[in-house]
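Spelled out from the first residue to the last, the chains are:
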Amino acid sequence: MKILKSKILILALMLVSFASFSQTNVKGILVDSQNGEVLIGATVVVEGTSIGTATALDGSFSITVPSGKQKLILSYIGYVEFTKEITSIQGEEMDLGKIVLEPSSIGLEEVRVVSSFARDRETPVAVSTIKPHTIQEKLGTQEYPEILKSTPSVYVTKQGGGYGDSRINLRGFDSNNIGVLINGVPVNGQENGKVYWSNWAGLSDVTQTMQVQRGLGASKLAISSVGGTINILTKTTDVKKGGNVFYGIGNDGYQKQSFMLSTGLLDNGWAITMSGAHTYGDGYATATNFDGWSYFLNVSKRINDNQSISFTAFGAPQWHNQRSSWHYIEDYRNSEDGIKFNSDYGIRNGEIFNTAYAYNYYHKPQISLNHFWNINEKTSLSTAAYASLAKGGGRRTHGNSGLVTMEYGTGRPGDETLLTAEGLIDWDAAEELNAAALNGSEVVIANGINEHDWYGILSTLNTELFGVEITGGLDGRWYRGYHAYEIDDLLGGAYYLNSSDKNRDPNELLSKGDYINYHYYSDLAWLGLFLQGEYKTDKYSAFVSGSLSDQMYRRTDLFLLPEDQQTDWESFIDWAAKGGANYNINENHNVFVNGGYFTRAPYFEFVFPDRKNDFNEDVKHERVLSTELGYGYRTSWIKADLTLYRTVWLDKALTRSLGGGDIANLSGMDATHMGIEFTATIKPIEKLDIRIMGSMGDWRWNSSVNTSVINDLGEVNQITINLEDVHVGNSAQTTAALGIDYEVLPKFKIGFDYNYFDNLFANFDIEAKEESADSWKMPSYQLIDFSARYNFKIGTLNTTLIGNINNILDTEYIADAKDDGTFHNAENALVYYGFGRTMSLSLKVNF
């Protein structure tokens, strides 16, 4: 018996030895074919087997394959699947070196160049890049900017909770101080710099890559990058024929259906990709139901090996009810709706009907035509002509608005507010009041129209001269905004009287479609030039860039007499200079430094304040000085970055109304934003990914104003603003995050994301702050999200099932707050609570 056992053991050892000698270790590195960047987390599988692995943080992989002829299937989201045939010899190691994967989208690298996309260990800026699989797996029913909440120095909230009403702050600066680019084209509002994310609701479906460049960033354009730049690249046209269908459901009646189709690159050089989506639901907060559509179209033509053209159009028409009134904590607790409480609605004709500033409808399509031309080996020219023709606005009331709105500043009913027995706005009572009025409606519903026509051209020339890459170009824009109050509903009345228009009889009986309150155009003409020189070697990279722009403003008030309607053009010339350098100490360590200074023209609303044609002659340019120092560490299992920054914001544009049409410019208001940021991605084993983030900011105002202003009547107005050592409000100055993703079973991955927010001070009215005291310091809070992804096949079709639970502990927290200006405490602050637990489930089938 013992002899038999010994023979079996010897035979087993021989089989194991034979198996190990009949296998070969194969290694290599996967890189992007166009820019050479390594591809992290790509899949490498031996065809016809269950043998597989994923690339490490340096793009490398090592896999043991059976000896003989084999096929390696290499795949990565956003790239064309590639098959590598090998013949392995048993017992020998095979090094395949660098293996390049082609992007699945045509012309993507050209768009990267125009967009000034930063590259790892080369571009000397602090940067975080969000890949499409992260958006697909983590976003769920969250707002598009919320995918960035684990990014250093970023604070994102849903504000009132309406569809697309989220906001984002970066290093303490809000969206009008963050440059937002889509395919290299700036999309910040031309009049105030703001970005309304409801206008871009379909972006999550077509985003190829999203990159946050903190600080000055790499963009060569004269844009509002005080806090940083959000650089979004959409899909172009897919190389391969195919498509997908998608269906998703979530809490509070959320549903989404979408599709995508692509012809692939045809033999004649043409390619077409299109997609569409429909998203709708009841909304988390009470009376925030919504209905949104989105579409995307790209048509590309490869003219020859050196030239191509690409036409892109996308947009997201939508309407959504909102919660515009902030509330005291006490009012939430006293409401049966709890943190979902919304006072801005009533029931009309059996349906939810929201009041002023609580309903929005908009459609802002973006259309562009791009031409890419490789003139020779050293020179290329990229040109984009684009247009955005926006239509829409928001609900307003006019007349005795207090009848059908809550009090501004309290969110509570006023003395005249008409309410039902349930405490809702009583629209029926308002109609009865108007119907009985002898002089027309006392209050009417209007549409606050904010539309625009925006045309632009962006052309970039790249060439090499004496080993230096030279980039220069122009940025031209023409913009006209259309602003008006248009009567939408007389609310049961026979007519309405309004004397705002000096060209109209004040006794004229007005009805639906007539303009009231204001009606004006805002014109902006922009011409910018930029130039950059960049020197690169394997060890060093450095750049110096500058830009010069002329922004011209003009206002046309259609309610004034013809001879007074149009102002002269007012010109503001801006300039910017910045530079930086990166040094790769070795393959593991690198350091970088950058710095810059730029001026920024005041926005249109400061040049012509209070919706009047009076030019604000004393308005000043804002100035920004920024510096950064960074360190990076890279190995096959860890990728870490550390950044120190300091941004000084000088002469922030502020005005105060003195009454009687007089305006005071409050110049000399300065702030300093400095801090430290850390990020790390760790891949200790093949199936485990760990992400760590931490940021600590010290953002303070450091100036005061004490001045006397004499108005046109000779009256002296004493103005005092004291912001010495006052913390900047409206954004968490300390943030941290921990993310863990683990493939528990083949093709089944789960993830947990923890986020922490602290040192969050309530927003406050800067113009009215007369004491040097911090606003209310809000409670810190922490959130945990869960995600799961399972890849499988339905027949031959690749299918993905994704589930998300956000705020799985149902934590109750205050995300936004307004300080009362006196007591600086919770009892007197107005707040929005963040969302409780939300869930979603989606299925995508690829074909």
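Residues numbered from 1 in each chain as written. Predicted model: local features only at pLDDT ≥ 70, side-chain atom pairs only at ≥ 80, totals over all residues. Heavy atoms only, no water.

J.: Looking at this model, I keep getting lost on the pairing of strand β30 (residues 468–489). Mind explaining?
T.: Where a strand is regular, its side chains alternate between the two sheet faces. As judged from the 21 bridges shared by strand β29 (residues 443–465) and β30, these two strands associate in the antiparallel manner. In the sheet register, W454 faces β30, and the bridge partner there is Y479. Count of turn residues in the β29/β30 antiparallel hairpin: two residues, of which F466 carries a positive phi of about 55°. Of the pairings in the sheet, the one linking β30 to strand β31 (residues 515–536) comprises 18 bridges and is antiparallel in character. Considered in β31, the bridge of L474 is made with L529. (Pairing = 2+ DSSP bridges. Helix = DSSP H or I, 4+ residues; strand = E, 2+ residues; numbered from the N terminus.)

J.: How should I be thinking about the sheet that holds strand β6 (residues 82–88) in this particular structure?
T.: Neighbouring strands of a sheet are bound in pairs by backbone hydrogen bonds; such pairs are parallel or else antiparallel. Pairing is antiparallel in the open sheet, where four strands are placed in the order β3-β2-β5-β6. If you trace the sheet from one side to the other, it starts and ends with β3 (52–54) and β6, each paired once. When the angles between neighbouring strand axes are averaged without regard to direction, this sheet yields 20°. The pairing of strand β5 (residues 68–75) with β6 spans seven bridges and is antiparallel. (Axes fitted to C-alpha atoms, helices over the stretch in contact; angles between N-to-C directions.)

J.: Just checking my understanding: could you explain the side chain of Q318 for this structure?
T.: Its place among the elements puts Q318 in strand β22 (residues 318–321). Setting aside residues up to four positions removed in sequence, Q318 forms contacts with Y163, S198, D291, G292, N360, Y361 and Y362. (Contact = heavy atoms within 4.5 Å.)

J.: Looking at this model, I keep getting lost on the sheet that holds strand β49 (residues 814–818). Mind explaining?
T.: Judged by pairing direction, the sheet is antiparallel, and its three strands sit side by side in the order β23-β50-β49 without closing on themselves. Here the strands that pair on one side only, and so sit at the sheet edges, are β23 (327–328) and β49. Sheet topology note: the β49/strand β50 (residues 830–833) ladder contains four bridges and is antiparallel. Paired with I814 across the strands is Y833, a residue of β50.

J.: In this structure, what is going on with the environment of Y455? I would like to understand it.
T.: For Y455, the location among the structural elements is in strand β29. Judged by relative accessible area, which is 41%, Y455 ranks as partly exposed. Residues Y455 and A385, 70 residues apart in the sequence, show an inter-C-alpha distance of 7.7 Å. Ignoring anything within four residues of it in the chain, the contact list for Y455 reads Y386, A387, L389, G476, R477 and W478. (Buried < 20%, exposed > 50% of the residue type's maximum accessible area, 1.4 Å probe, protein only.)

J.: Whenever I open this one, the confidence of the model for the chain confuses me. Can you help?
T.: A low pLDDT score tells you not to read the predicted coordinates there in detail. Here the chain averages 92 in pLDDT, and 95% of its residues register 70 or above. Note that pLDDT drops below 50 for residues 10–21; the model gives that stretch three contacts with residues more than four away or on any other chain. (pLDDT = per-residue confidence, 0-100.)

J.: Sorry, what's going on with helix α6 (residues 427–436) here?
T.: Side chains that are three or four residues apart share a direction in an α-helix, a result of its 3.6 residues per turn. Turning to α6, its buried residues number three or more, namely W427, A430 and N434. Viewed along the axis of α6, the buried residues span an arc of 55°, placing them on a single side of the element. Of the exposed residues in α6, those oriented more than 90 degrees away from the buried face are E432, A435 and A436. The inward-facing, buried residues of α6 abut β24 (345–348), β25 (351–354) and β29. Capping of α6 at its N-terminal end is provided by D426; its side-chain oxygen lies 3.3 Å from the backbone amide nitrogen of D428. (Arc of directions from axis to C-beta. Polar contact = N/O pair within 3.5 Å; in protein donor to acceptor, adjacent residues only side chain to side chain.)

J.: Would you explain the side chain of S219 in this entry?
T.: Structurally, the position occupied by S219 is in the loop between β14 (207–214) and β15 (228–234). Overall, S219 belongs to the buried group, its relative accessible area being 3%. Within polar-contact distance, the side chain of S219 engages the backbone nitrogen of L221 at 3.2 Å. Leave out the neighbours within four places in its chain, and S219 touches S116, L181, Q213 and K578.

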